[in-house]
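Listed below are the residues making up each chain.
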Amino acid sequence: MATIGGLAVKDVLKVERIGTHSHIRGLGLSQTLEPSPVGDGMVGQSDARRAAGLIVKMIKEGKIAGRAILIAGEPGTGKTALAMGISKALGQETPFVSMNASEIFSVEVSKTEALNQSFRKAIGVRIAEESEVLEGEVVNLEIDRPASGVGPKVGKMTLKTTDMEAIYDVGAKMSESCVKERISAGDIVQIDRATGRVTRLGRSFTRQHDFDAFASQTKFIQCPSGEIQKKSQLVHTVTIHEIDVINSRTQGYFALFTGDTGEIKPEVRDQINIKVNEWKEEGKATILPGVLFIDEVHLLDLECFSFINRALESDLAPILIMATNRPTSAVRGTELISPHGIPVDLLDRSLIIRTGKLTPEQIGHVFNLRADEEGVKLDPKALSVLTKIAGETNFRYAMQLIALGNVFRERAKKEVVGAEDIAKAYTMFIDRNRSKAYLQQHNEQYM
Ligand SMILES: Nc1ncnc2c1ncn2[C@@H]1O[C@H](COP(=O)(O)OP(=O)(O)OP(=O)(O)O)[C@@H](O)[C@H]1O
Ligand SMILES: [Mg+2]
């Protein structure tokens, strides 16, 4: 709690929501892709995790693109959790776009356009720009104020490396940048010659004695060696979708913030594909095929599936990971019966990963991980009650009783959640089966 102008305000940053999968930190695999029984928040499912690890390895090495992977298994067996694990294991560098199949029906654009945008969000382009920079320690900086008080400021800057020293004229832009960054003698700076932008890299070690005068986060570094004038590489990573939006004449880049991109014309996309391929051939850009994850994929219809088939064949295609808990069922919108509710031609080109049921012991592990994540202390008896409930009802329902039980513990001013707290939650909130039984019993009283 802080106070601003006499008003108490809550520190919003500290309030963190705990997501269903926030305990997942990766896939919990060793260097040789062997899964540990419990690792990175993942429990059991060793075959599925091993397979997922292999996929991650191939994606990282840039060996696969345009493939489809399907994670299939009963409800609550950790399919979505596995996908989150893959996302974490891929790291920040690889684009990972996660969506629920139902999302594409709720946007203003057509289904296939929404899918297309998601596909293109999952492909990154790393663009390297070469620029000329000056890098060295500031020996002296003089910025002259114009005599009249108005007009551009100009001056001179002496830079040195361990091998040389030179004086440079400081133009209007650069002097402004120096003033803004509060550059002074002893700073190690990098100056972009084209834009005049000055970046402070740190302070010279030789100035360490005046440490007290600087903020504690000041970084002390060695004076650079060699030439002052250097070539430097600037790297940006953007997604193809972002390039689409920026170049779409009707939208402009503001649409990136609002997400209101509308339909993007196929001609724009064609142009961009050509341009990106050109950059790739000239060595200016690297394509980073990422991952598009579509959860509950059986909710897509035939039109979407045929779009996916086509999209996977284009040369700018990400890896598609799908998940479903449906056994054999009709493809949405048709009478076509197919395994997992997915047309056979897409299934044929997919690699399928299966998730199996967790043992009671493994379920107990997941409960422990969740309790830790939610900051709840569970009594061993409470844990065994939860595991039992999970076996008799369902895993998801039992998971929610942790937080509910914790509310009862708080009220009773106890340290640990006991079996009786879980029991209270169990009677106050019924699960699907008990609700169904009740409905059947009192059927005639309902409308
Ligand atoms: N093997 C596991 N390791 C760690 N956590 C797991 C594991 N399996 C499931 N969980 C956790 O259990 C909960 C339910 O799992 P999840 O949502 O991944 O199931 P699902 O297979 O996607 O189910 P559905 O078919 O209903 O979508 C989640 O909070 C998930 O993080
Ligand atoms: Mg799921």
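Residues numbered from 1 in each chain as written. Chains lettered and ligands numbered in written order. Predicted model: local features only at pLDDT ≥ 70, side-chain atom pairs only at ≥ 80, totals over all residues.

Moving on: the nonpolar core. Within the largest apolar cluster, 76 residues are counted, with the highest numbers of intra-cluster contacts made by Ile-86, Val-291, Leu-320, Ile-321 and Leu-386. The leading source of residues in this core is helix α2 (residues 79-90), at seven residues. Residues lining this core come from more than one domain, with at least three contributed by each of domain 1 (65-82 + 91-125 + 244-355) and domain 3 (360-445). Each residue touching Leu-320, except ones within four places of it in the same chain, is listed here: Ala-68, Ile-69, Leu-292, Ile-294, Ile-308 and Leu-312. (Core = buried A, V, L, I, M, F, W, Y, C linked by C-beta atoms within 7 Å. Buried ≥ 20, exposed ≤ 12 C-beta atoms within 10 Å, placed from the backbone. Helix = DSSP H or I, 4+ residues; strand = E, 2+ residues; numbered from the N terminus. Domains from an automatic or database assignment. Contact = placed C-beta atoms within 7 Å.)

Here we have five strands laid out as an open sheet, ordered β6-β15-β16-β5-β19, and parallel in their pairing. On the outer flanks of this sheet lie β6 (96-100) and β19 (350-355), each paired with one strand and no other. Between one strand axis and the next, the sheet turns through 20 degrees on average, direction left out of account. Sheet topology places strand β15 (residues 291-295) next to strand β16 (residues 319-324); four bridges connect them, and they run parallel. Note on β16: the bridge partner recorded for Ile-294 is Met-322. Sheet strands touched by α2: β5 (68-73), β6, β15, β16 and β19. Its angle to β16, the strand with the most contacts, is close to 155 degrees. (Pairing = 2+ DSSP bridges. Axes fitted to C-alpha atoms, helices over the stretch in contact; angles between N-to-C directions.)

Now for the site of ligand 1. Close contacts around ligand 1 come from 20 residues, with Gly-78, Lys-79, Thr-80, Ala-81 and Asn-325 the closest. Listing elements by their share of the shell around ligand 1, those giving two or more residues are β4 (42-43), α2 and α12 (395-411). A total of three residues in the shell around ligand 1 trace back to one element, the largest contributor, which is α2. The residue makeup of the shell around ligand 1 includes at least three contributed by each of domain 1 (65-82 + 91-125 + 244-355) and domain 3 (360-445). (Near = placed C-beta within 6 Å.)

Right, let's get into the packing of helix α11 (residues 380-392) against α12. Here α11 crosses α12 at 150 degrees, and the two axes come no closer than 8 Å. Comparing their axes, α12 and α11 come out roughly antiparallel. In this structure, the crossing between α11 and α12 has a hand that is right-handed. Every residue of α12 that contacts α11 at Ala-382, Leu-386, Ile-389 and Ala-390 is listed here: Phe-395, Ala-398, Leu-401 and Gly-405. Residues of the contact of α11 with α12, tallied by class, amount to seven nonpolar, one polar and no charged. (Parallel < 35°, antiparallel > 145°, perpendicular 65-115°, else oblique. Left-handed = near helix turned anticlockwise from the far one by under 90°. Nonpolar A, V, L, I, M, F, W, Y, C, P; charged D, E, K, R; others polar.)

So, on to α12. The first and last C-alpha atoms of α12 sit 26 Å apart over 17 residues, in line with the 24 Å expected at 1.5 Å per residue. Residues of α12 that are buried in the fold lie against α10 (360-373), α11 and α13 (419-428). Residue Lys-413 follows α12 closely and has a positive phi angle near 50 degrees. (Expected span 1.5 Å × (residues − 1).)

By the element assignment, Val-109 lies in the loop between β6 and α3 (111-121). A count of 16 C-beta atoms within 10 Å places Val-109 in the partly exposed class. Linking Val-109 and Gln-45, residues 64 residues apart in sequence, is a C-alpha distance of 38 Å. When near neighbours in sequence (up to four residues on either side) are disregarded, Val-109 contacts Ala-114, Gly-262 and Glu-263.

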